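Single-letter residue listing:
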Amino acid sequence: MREFVRLMRCSTFGASAIVIVISLTCAPAEERNKWTTVDWLRQLNYTHELHNVTTDDGYQLQLQRLPQVGARPVLLVHGLLSSSVGWLCLGPDRSLAFQLHQRKYDVWLANLRGMSPYGRHHIELTDVMSEFWRYSFHEHGAYDLPAIIDHIVALQAREKHDDVANEEEQKAKQSLAAHRVLLIGHSQAFNAFLVLCALHPRFNQHIQLIQALAPLARLHHQVRFDHTHVRDIMKFVKKRQKANKYELFPPGELKRMCRKKKELCEYYTKNLVGSAQSNKKLLDIFNYDHLLQGGSAKELRHLQQIWKSGDFIAYDYGPIENMQVYHGVEALSYNLSQISVPIILYFGETDAIATPQGVHDIYAHMLSTVQSVRRIAATKFNHFDFLLSSEVKTLVNDKLIELMEKFLEGNLPYVIE
């Protein structure tokens, strides 16, 4: 992997609770809703680093790190039409990235291609070119995650080298570095993980555990919306393409759309995402400029293909182009038997896309690797509640950290809910 040499450490005046409280109190909610990931970290005076990596196909991605040198690295990966700000936007008391850092984990925030502003660069293309947006979760898993995880593992090895004097101990610790990435992903991030380990089996040795929040996979007969809703989505996609608007939702676009057509926005959110824990806050996710954004037409078409066929396969270009891309008339079928990383799955009762049925279907197809399936303990809990519920700390984050630490201790109970 090619990597940018530049590593930027952002020095701060300290991340004391007093400074953080003052920062949040002084910034009105409307202003905070416009913050990017780095804005959040800077405004809270949180020590962080910016790392730049380049994928094998030329996309230049920025990662944010909340460093705890020598600690276990945890990589947080955002989902469909989302961004890394989702791991921060409820602040230090409730957002997962802050909780993990406070518990002395070395926290990394992934930014996949297409996400603004940290996944918008390429060595040859610009984001106003149609070629830039020709990706789906396949490219996230085939190119983005390998570049990101290789960078983390390599940096860990270098930092351990600096700390270890004994040569034999150094080699032993370096060999263990590949096993120390703890992965947490939301939504479509699970698809990218499956692609990663199916196409690049070596990453089974780099990832110690994945915890998948509201994971997607096959979708066929497992979602709560119908053909009408899917047809409406694809009509919107075609309309954007005809207007040469390759990015589906520029930052702030969904916010503006929902302010103009609140009832329509509410209708589609309930049907496509599910009833929220608090339906009074159903549309809160649209208040954030940088939370729901980006997305390519190919990304949604790929999900449509899986929803229609029920097969977890690569993007189907049609027989002629498939021959050129996959050297066969059919799209590539991912070999999930290659995957050996331990998995914990989480689902919400009223999630319309990562339904309880859909998550249990993942379990049924991956019996040898799924260690636990957990239901969020709330009568209503939808796809976005995993990021924005007012009770996300107690319902999701605390449980996730507890199970992760039990797994690391070798004491994770085998529970299927």
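Below is a short write-up of the structure.

Reading guide: rules and limits
- Residue numbering note: each chain is counted from 1, following its sequence as written.
- The predicted nature of this model means local features are confined to residues of pLDDT at least 70 and side-chain atom pairs, given and counted, to a pLDDT of 80 or more, with totals for whole chains, interfaces and linings taken over all residues.
- The basis for the side-chain values is all heavy atoms of the structure; hydrogens and waters are excluded.
- Only protein atoms enter the 1 Å grid used here, on which a cavity is any set of points holding a 1.4 Å probe that cannot leave and a pocket is any open set flanked by protein within 12 Å on both sides along at least five of seven lines; residues with an atom within 4 Å of a point are listed as lining.
- Grid points are joined across faces, edges and corners, and a volume is the space filled by probe spheres set on the points.
- Going along the chain from the N terminus, every DSSP run of H or I of four or more residues is numbered as a helix, and every run of E of two or more is numbered as a strand.
- Only Asp, Glu, Lys and Arg are considered charged in this grouping, and only Ala, Val, Leu, Ile, Met, Phe, Trp, Tyr, Cys and Pro are considered nonpolar; every other residue, Gly among them, is considered polar.
- Patch membership is restricted to residues that have no salt bridge and whose relative accessible area is over 30%. Joining uses 9 Å for like charges and 5 Å for the nonpolar side chains Val, Leu, Ile, Met, Phe, Trp and Tyr.
- Each accessible area is a Shrake-Rupley result for a 1.4 Å probe, and residues are judged covered by the shown protein chains and nothing else.
- Salt bridges are counted wherever a side-chain nitrogen of Lys or Arg sits within 4 Å of a carboxyl oxygen of Asp or Glu.
- Counted as positive: Lys and Arg. Counted as negative: Asp and Glu. His and the chain ends are not counted at all.
- Positions of charges follow a simple convention, taking NZ of Lys, CZ of Arg, CG of Asp or CD of Glu.
- Residue burial is assigned from relative accessible area. The probe radius is 1.4 Å, only protein chains are included, and a residue is buried under 20% of its type maximum, exposed over 50%, and partly exposed in between.
- Only C-alpha atoms enter the line fits that serve as axes; for helices the fit covers just the stretch in contact. Angles between N-to-C directions range over 0 to 180 degrees.
- Note on angle classes: values under 35 degrees are labelled roughly parallel, values over 145 roughly antiparallel, values of 65 to 115 roughly perpendicular, and the remainder oblique.
- A clockwise turn of the near helix away from the far one marks a right-handed crossing, whereas an anticlockwise turn of less than a right angle marks a left-handed crossing.
- In this description, contact between two residues means that some pair of their heavy atoms is separated by no more than 4.5 Å.

A look at the layout of surface pockets
- A volume near 1300 Å³ is recorded for the largest pocket.
- If one sorts the elements of the lining of the largest pocket by residue count, helix 8 (residues 227–242) sits on top with eight residues.
- Among the residues forming the lining of the largest pocket, the class breakdown is 29 nonpolar, six polar and eight charged.

Some details on empty space enclosed by the protein
- Counted by the stated rule, this structure contains four cavities of 30 Å³ or more.
- Empty space within the largest cavity amounts to approximately 80 Å³.
- Lining of the largest cavity is provided by 15 residues; of these, His78, Leu81, Ser82, Arg113 and Glu299 occupy positions nearest its centre.

A look at a positive patch on the surface
- On the surface, Lys239, Lys245, Lys260 and Lys261 cluster together to form a positively charged patch.
- By secondary structure assignment, the location of lysine 245 is in the loop between helix 8 and strand 9 (247–249).

A short note on the environment of tryptophan 40
- Here tryptophan 40 lies in helix 3 (residues 37–43).
- For tryptophan 40, a relative accessible area of 2% puts it in the buried group.
- For the pair tryptophan 40 and leucine 88, spaced 48 residues apart in sequence, the C-alpha separation works out to 7.2 Å.

Re the packing of helix 8 against helix 11 (residues 297–309)
- Their axes nearest at 10 Å, the elements helix 8 and helix 11 cross at an angle of 155 degrees. The orientation of helix 8 with respect to helix 11, classified from their angle, is roughly antiparallel. Judged by the sense of rotation from one axis to the other, the crossing of helix 8 with helix 11 is left-handed. Note on element contacts: helix 11 touches helix 8 through Ala297, Leu300, Arg301, Gln304 and Trp307, opposite His227, Val230, Ile233, Met234, Val237 and Gln241.

Observations regarding the packing of helix 8 against helix 10 (residues 262–272)
- For the pair helix 8 and helix 10, interaxial distance at closest approach is 11 Å and the crossing angle is 120 degrees. Relative to helix 10, the element helix 8 is oriented oblique. Both helix 8 and helix 10 take part in a crossing whose hand is left-handed. Contacts between helix 8 and helix 10 pair His229, Asp232 and Ile233 from the former with Tyr267, Tyr268, Asn271 and Leu272 from the latter.
- Looking at the contact of helix 8 with helix 10, its residues break down into four nonpolar, two polar and one charged.

Notes on the pattern of salt bridges
- With the rule as written, the count across this model stands at 19 salt bridges.
- A salt bridge links aspartate 57 to arginine 113; the shortest N-O distance between them is 2.8 Å. Linking aspartate 57 in the loop between strand 2 (48–54) and strand 3 (59–66) with arginine 113 in the loop between strand 5 (106–109) and strand 6 (121–122), this pair joins segments that are 56 residues apart in sequence.
- Residue aspartate 57 is classed as partly exposed on the basis of its relative accessible area of 25%.
- Accessibility expressed as a relative area gives 3% for arginine 113, which makes it buried.
- Among the ionic pairs, arginine 65 bridges to aspartate 106, the shortest N-O distance being 2.9 Å.

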